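Structural overview
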Amino acid sequence: MPATQGSRIDAYVDRYAARATGMVASEIRALFSVASRPEVVSLAGGMPYVTALPLDVVGELVSDLVAKRGPVALQYGSGQGDPHLREQICEVMRLEGIESGPDDVVVTVGSQQALDLITRIFIDPGDVVLAEGPSYVGALGTFSAYQAKVVHIAMDDEGIIPESLAQTIYALQTAGSRIKFLYTVPTFQNPAGVTLSVARRRQVLEICQRAGILIIEDNPYGLLGFDGDPMRALRADNADGVVYLGSFSKTLAPGFRVGWALAPHAIREKLVLAMESAVLSHSSFTQLAVGQYLATQPWREQIKTFRELYRERRDALLDALEAVMPAGCTWTRPRGGFFVWMTLPEGLDSKAILPRAVSERVAFVPGTGFFTDGGGARHMRLSYCYPEPDRIREGVRRLARVIEQEMRLRDTFGTSSAPDHGGVDTPGPDLA
Ligand SMILES: Cc1ncc(COP(=O)(O)O)c(C=O)c1O
């Protein structure tokens, strides 16, 4: 019997490569198509607020680019990326203490593609990737597509717990597992909103160096801090043991799809070959557009505008949670980025609650999507990047009512949980 995907029968089910079995659409996607209706307050999406950009200026810049540099902008480019943009990227990374040269940078289709290429060149089926628990859903989807085994490392309000990292590495290496790298979002993490403290940064670097484990530092939110200067990147203190991934998706716009990897020389060479095999070359057009934006526009001030806007929304969310969430709910207090991670009282299951929340016109991402080991049921990710503050407050009021109702149901009938379909619970790009 052919297997069904949704309501459609898949005639090719027995012909896919084994790795395709790891690619499963989440059943919560269907719910999110309802959640994108205007009457629903979505605290689910991870979309930056691009409306805050000077869109007319960007429009002129793009049209000028075609008129004046069309033959280059509309031509194939190099597999490593535009050399001038790579220099500008080094300047951006300097804000986080990174000293680097353009030769070590590869421009990619968002940092998501960098993640894909890194995984492609390092992972054989069954290899272990260490990742925070919870971890960025798009990375988990990539690891699963390449049949990696993800082992989560516990974290708290200061990020990865170094003892947990050291113990896990020891146990896995003693058991003969092949650990290929540690994947981490140390600053304003997606989804937990927490930041690895300075002291722990040192410890994590030391532990990985001692154990010979490469670190993949994914840092799309690093410049979106609400107070103080940007954190020093892990890569700033170890050029040989860290591959740094960056992106213009949150500091400019995801529509350009421009991200990058900064890697030790040998890895960089493999990345370029993998890049060429995937797409020949990145779009010259969007690379030059980003380069032109950086060269002619006050991009640091624009990042400040984004930071202020997101800070106001973070405050709206935290104040509203404080005001209306029932006792027993706890949440993180991000100092930058897009996300708050909420923990529900014992006996509540965020995935089971989601349909009820959507019918009350509020949406969130259930915590299970951010774990590969069945964890996360008592958690949810709330994002404040996209809705306006008033909408955020209204969304939180609706959510609080739903959670109170769930608590009453739990007290009457006991605990509930959503069915588990197995696999990685990846929502679509707008929710990543
Ligand atoms: C932690 C993290 N890494 C990578 C990405 C991918 O970003 P992009 O491919 O747009 O650069 C995202 C997007 O939300 C993210 O949150």
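Thresholds applied
Sequence order as written defines residue numbering, which begins from 1 separately in each chain. In keeping with the model being predicted, local features are shown solely for residues with a pLDDT of at least 70 and side-chain atom pairs are shown and tallied solely at 80 or more, while totals for entire chains, interfaces and linings include all residues. Hydrogens and waters are ignored; side-chain quantities use all the structure's heavy atoms. Burial classification: accessible surface area is computed with a 1.4 Å probe over protein chains only, and a residue below 20% of its type maximum counts as buried, one above 50% as exposed, and the rest as partly exposed. Runs of E in the DSSP output that reach at least two residues are strands. Runs of H or I that reach at least four are helices, and both are numbered from the N terminus. Paired strands, in this sense, are two strands between which DSSP finds at least two bridges. Consider the strands pointing away from the viewer: the crossover is right-handed when the path from the first strand over the helix to the second runs clockwise. Being near a molecule or strand, for a residue, means having at least one of its heavy atoms within 4 Å of it. Side-chain atoms alone can form a polar contact between residues adjacent in sequence; in general such a contact is a pair of N or O atoms within 3.5 Å, and within protein one must be able to donate a hydrogen while the other accepts it. Per-residue accessibility takes into account occlusion by the displayed protein chains alone, with areas from the Shrake-Rupley method and a 1.4 Å probe. Think of it as three bins: nonpolar holds Ala, Val, Leu, Ile, Met, Phe, Trp, Tyr, Cys and Pro, charged holds Asp, Glu, Lys and Arg, and polar takes everything else, Gly as well. We define a salt bridge as a side-chain nitrogen of Lys or Arg found within 4 Å of a carboxyl oxygen belonging to Asp or Glu.

1. Digging into the pairing of strand β5 (residues 128–133)
The buried count for β5 comes to 6 of 6 residues, which makes it a mostly enclosed element. In this sheet, strand β6 (residues 149–156) lies alongside β5 in parallel orientation, the contact comprising 6 bridges. Within β6, the position partnered with Leu130 by the bridge is Val151. The handedness of the β5 to β6 crossover, carried by helix α5 (residues 137–145), is right-handed. For β5 and strand β8 (residues 179–184), the ladder comprises 4 bridges, and the chain directions are parallel. Within β8, the residue paired with Leu130 across the bridge is Leu182.

2. Some points on the site of the ligand
Close contacts around the ligand come from 13 residues, with Asp218, Tyr221, Ser247, Ser249 and Lys250 the closest. The side chain of Ser249 places a nitrogen or oxygen atom 2.6 Å from an oxygen atom of the ligand. Contact between the ligand and Lys250: an oxygen atom at 2.7 Å from a side-chain N or O atom of the residue. Burial of the ligand by the surrounding chains reaches 95%, relative to a free accessible area of 400 Å². Classifying every residue of the shell around the ligand by side-chain character gives 4 nonpolar, 6 polar and 3 charged.

3. Observations concerning unusual backbone geometry
Of note, the bond from Gly133 into Pro134 is cis; its omega dihedral lies within 30 degrees of zero at 10°. Position of Pro134 among the secondary structure elements: in the loop between β5 and α5. Positive phi outside glycine occurs at Gln147, with the angle close to 60°. For Gln147, the position within the fold is in the loop between α5 and β6. Among the residues examined, Gln147 registers a relative accessible area of 29% and is labelled partly exposed.

4. So, the pattern of salt bridges
Evaluation of the coordinates by the stated rule reveals 20 salt bridges. With a shortest N-O distance of 3.5 Å, Asp103 and Arg268 are connected by a salt bridge. With Asp103 in the loop between α3 (83–94) and β4 (105–109) and Arg268 in helix α8 (residues 265–279), this pair connects stretches of sequence that are 165 residues apart. Residue Arg268 is classed as buried on the basis of its relative accessible area of 9%.

Structural measurements only, silent on function.
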